[in-house]
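# A closer look at the structure
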Amino acid sequence: MEDNVVEELMTIEVELEEVQDQIKILLDRQEKLYERQSELKSLLDECKTFGSPSGVGVPLPVENWSGQFEWDSRADEVRFNTFGIPTYRANQREIINAVMSGRDVLVIMAAGGGKSLCYQLPALLHDGVALVVSPLLSLIQDQVMGLTALGIPAYMLTSTTSKDNEKFVYKALEKGEGALKILYVTPEKVSKSKRFMSKLEKCYNAGRLSLISIDEAHCCSQWGHDFRPDYKNLGILKTQFPNVPIIALTATAIKKVQTDLVEMLHIAKCVKFVSTVNRPNLFYMVREKSSVGKVVIDEIADFIQGSYPNNESGIVYCFSRKECEQVAHELRQRGISADYYHADMDVNAREKVHMRWSNNKLQVIVGTVAFGMGINKPDVRFVIHHSLSKSMETYYQESGRAGRDGLPSECLLYFRPGDVPRQSSMVFYENSGLQNLYDIVRYCQSKRECRRSSFFRHFAEPIQDCNGMCDNCAYGRDLKEVDVTRHAKVMISILQEVQESEQRATMLQLMDKVKVKHKELASELKRGESEQLIIQLLVDRVLKEEFQHTAYTTNAYVTIGPLWKQVHTGRKTVKLEICSGIKGNTGNKKATKRTVSLSGLEVKLDELRRELSSVHGGIFPHSVLSTQQISMLSSQKPTSNAQLESIIGKLKTDKYGSRILEQIQNYVGQSDGDLPNEVVQSEKRPSKRFKRQNAPVLIESSEDEG
Ligand SMILES: Nc1ncnc2c1ncn2[C@@H]1O[C@H](COP(=O)(O)OP(=O)(O)OP(=O)(O)O)[C@@H](O)[C@H]1O
Ligand SMILES: [Mg+2]
């Protein structure tokens, strides 16, 4: 009797949790609707006021940010000729219009969505100086370098700024002398330097402070993943400079973070632009990870050499520092230029590795989570996870470092159940740590559901088409569903015995016990499948994990979970999906192109951009020409300055035009009779599965504007 009551109670508790999750989603939705309702009501009030006869001549408040504005043509000219950007991406134009109209703006846009342009373009259109607060020195250096290469007067005030430059900046702020359009600082400058703030005040009083931009604004919030205490003091900017519009930008989609930063920055009336979390150009896939370390490395090396033989950049994320070093070493032994990056290295060594990678002198960085926010490289073609991340949010951020230039890129995660206890013993003490981990475990275990849908569900966004850009959508798998209820019951009984004798069992010990006690049953499932079953039972709460600290480590054990009885009494059957093969591309599903393969001319232009970047010093190859521009040049093969200008804009044509035209001419001359866009095989190493393709396609969201 008592048992039954306890069991029902457990079941109800689990169901209650599920209901609460649903309520949370509905409450979020309600909050959004209330927000919009009040926006619309106040808009209506304003319309009535301004629309009345007494309001004749007063302009209507502008909320249609896609409409026409007086700065349109100037904005288009600067976008194209200075930044070399042919069209706006989704929301960019609207955001720029809101900023230009003097409103405070909050921008939530996925990594690589193009947030920088949203403040850099208005900074150039306005008179005066725009201030940008950014959390990391490396990010600031990248940005200043990139802008300088475009001929934009951008400076920074950081620990590395020379005395001369500091003097120049302070003079520009105080007296308006010298050309200064964009000034980057770290948050510490705002909260700690009285001298800087007093100069800024003078700049403001003279009406020359045009805009304040807070990049990576999620650093304000303790709920964000990169909290920075000094970001909390940035509220002072609105208090001291109330007439200057603030634009706060982040890729973090968590609601709590957004609410926090609006409050902290004092921008309650801001216009908010939330873009989708979808990254249509990323191909997501999960592969089974062998328990033999060398096999995993062989597979990773094959993948890189097969798909990326032209030194295309990538990242491999590892669980621990030691693993990073080992994996980098083993990749090098297999002929891949790889190096590691983790928090145990000194700052200089880390920066050196980062620089070599940014300059395309190193193909792969093998990093821990420490290799994070400062990564600004747009042409990362693949992100491989050697082990699973600790949550969907973390995986989204880390894998999202691929393809920031919008070109097809791949995100590959190696999953094996044995990695789960390693992660769980690290995260179990965090708020919802285990829940978050089990969410990504579910993502990894799933063999049918679209990987993109998991992201949409996680970030509470309506589902969009995947276009065949994940393994589950692109390939049909031969899946069979096996009833493993008997196995699950045996596991439960064994764990009961273990518990009764006041002992504990790890996942491996549990499997061994099943093998010893029930040989026939154990032989029905392969080792990996038994592991898969235990993980599934954990995620479904039939089993649960328990942790014990020792002096050196935390051990994870498996024990009976809240729903064990449902299985034990036979009320719940347990099924395991077992994959017996991949059918290949299914005819009925759209499979969009996943990788960028370089044509002969593209390889030549890539070499040229590397050469020009080292000749011009201090700029990255992607600042000379983006991969997207290289692909357009190679398909259109311009022969005159005018044609070139229509592709890459005036500034780059003036700077590098003669060399680019010369390169194209040489290539066309040499390859007379060849296929126009013949795909080249790397000279350095043979390619296993090289794909012949024409110019790469840019996969963009359909909301693009001209
Ligand atoms: N409209 C556009 N068309 C083509 N490329 C663009 C456009 N806007 C931005 N880009 C390019 O996309 C890349 C990423 O842009 P940006 O650095 O602004 O991204 P972000 O949103 O700040 O990402 P993160 O969150 O990672 O900092 C850059 O190489 C940039 O030049
Ligand atoms: Mg950015």
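Residues numbered from 1 in each chain as written. Chains lettered and ligands numbered in written order. Predicted model: local features only at pLDDT ≥ 70, side-chain atom pairs only at ≥ 80, totals over all residues. Heavy atoms only, no water.

With respect to the secondary-structure elements, Ser523 resides in helix H21 (residues 519-524). On the accessibility criterion, Ser523 (61% relative accessible area) is exposed. Each C-alpha atom of the pair Ser523 and Met469 lies 37 Å from the other, and the pair is 54 residues apart in sequence. (Helix = DSSP H or I, 4+ residues; strand = E, 2+ residues; numbered from the N terminus. Buried < 20%, exposed > 50% of the residue type's maximum accessible area, 1.4 Å probe, protein only.)

We now examine the domain arrangement of the protein. Its domain assignment divides the protein into domain 1 (71-274), domain 2 (282-474), domain 3 (481-579) and domain 4 (600-668). Here domain 2 and domain 4 have C-alpha centroids that lie 31 Å from each other. Taken together, the contact pairs 12 residues of domain 2 with 10 residues of domain 4. Carbon and sulfur atoms make up 55% of the area that domain 2 and domain 4 hide from each other, which totals about 840 Å². For domain 2, the biggest contributors to the area lost against domain 4 are Asn359, Asn360 and Leu407; these three give 39% of the whole. Joining domain 2 to domain 4, the criterion identifies 1 salt bridge. Put simply, Arg609 and Asp379 hold a salt bridge, and the shortest N to O gap is 3.7 Å. (Domains from an automatic or database assignment. Contact = heavy atoms within 4.5 Å. Buried area = accessible area lost by both parts, 1.4 Å probe. Salt bridge = Lys/Arg side-chain N within 4 Å of Asp/Glu carboxyl O.)

Right, let's talk about helix H6 (residues 163-175) for a bit. Taking 1.5 Å as the rise per residue, H6 with 13 residues should run 18 Å; its terminal C-alpha atoms sit 18 Å apart, in good agreement. Among all positions in H6, only Glu166, Val169, Tyr170, Ala172 and Leu173 are buried. Viewed along the axis of H6, the buried residues span an arc of 160°, placing them on a single side of the element. Structural note: H6 exposes Lys163, Asp164, Lys167 and Lys175 on the side pointing more than 90 degrees away from its buried face. Gly176 sits one or two residues past H6 and shows a positive phi near 75°. (Expected span 1.5 Å × (residues − 1). Arc of directions from axis to C-beta.)

The subject of this paragraph is the sheet that holds strand S3 (residues 154-157). With respect to topology, 7 strands assemble into an open sheet ordered S3-S4-S2-S5-S6-S1-S7, the strand pairing being parallel. The open sheet is flanked by S3 and strand S7 (271-274), the only strands paired with a single partner. When the angles between neighbouring strand axes are averaged without regard to direction, this sheet yields 20°. Note that strand S2 (residues 129-133) and strand S4 (residues 182-185) share 4 bridges and pair parallel. (Pairing = 2+ DSSP bridges. Axes fitted to C-alpha atoms, helices over the stretch in contact; angles between N-to-C directions.)

Contacts to ligand 1 come from 17 residues, most closely from Thr87, Gly112, Lys115, Ser116 and Arg404. One of the backbone nitrogen or oxygen atoms of Thr87 is found 2.7 Å away from a nitrogen atom of ligand 1. At 3.2 Å from a nitrogen atom of ligand 1 is found a side-chain nitrogen or oxygen belonging to Arg89. Burial of ligand 1 by the surrounding chains reaches 83%, relative to a free accessible area of 640 Å². Of the residues assigned to the shell around ligand 1, the class counts are 6 nonpolar, 7 polar and 4 charged. (Near = heavy atom within 4 Å. Polar contact = N/O pair within 3.5 Å; in protein donor to acceptor, adjacent residues only side chain to side chain. Areas by Shrake-Rupley, 256 points an atom, 1.4 Å probe, with all protein chains shown as cover. Nonpolar A, V, L, I, M, F, W, Y, C, P; charged D, E, K, R; others polar.)

Turning our eyes to something else, we now look at the layout of surface pockets. If you add up the space inside the second largest pocket, you get close to 810 Å³. If you trace the second largest pocket, you find 34 residues lining it, with Glu288, Lys289, Lys447, Gln532 and Cys579 closest to the centre. Of all the elements in the fold, those that place two or more residues in the lining of the second largest pocket are strand S8 (282-288), helix H16 (433-445), strand S14 (475-483), helix H22 (527-539) and strand S17 (575-585). Per-element tally for the lining of the second largest pocket: the top contributor is H22, with 5 residues. Taken together, the residues of the lining of the second largest pocket sort by class into 11 nonpolar, 8 polar and 15 charged. Both domain 2 (282-474) and domain 3 (481-579) contribute no fewer than three residues apiece to the lining of the second largest pocket. (1 Å grid on protein atoms, 1.4 Å probe; cavity = no way out; pocket = protein on both sides within 12 Å on 5 of 7 lines; lining within 4 Å. Points joined across faces, edges and corners; volume = space filled by probe spheres on them.)

This next bit is on the pairing of strand S6 (residues 246-250). A regular strand places its side chains on the two faces of the sheet in alternate fashion. For S6, a buried count of 5 out of 5 residues is recorded, marking the element as mostly surrounded by other parts of the structure. Alternating residues of S6 divide into Ile246, Ala248 and Thr250 and Ile247 and Leu249, and every residue in both groups is buried. Both strand S1 (residues 105-108) and S6 contribute to a ladder of 4 bridges, which runs parallel. Counterpart to Val105 in the pairing with S6 is Ile247. Here strand S5 (residues 209-214) runs beside S6; their pairing, made up of 3 bridges, is parallel. Bridge pairing links Ile214 to Ala248 in S6.

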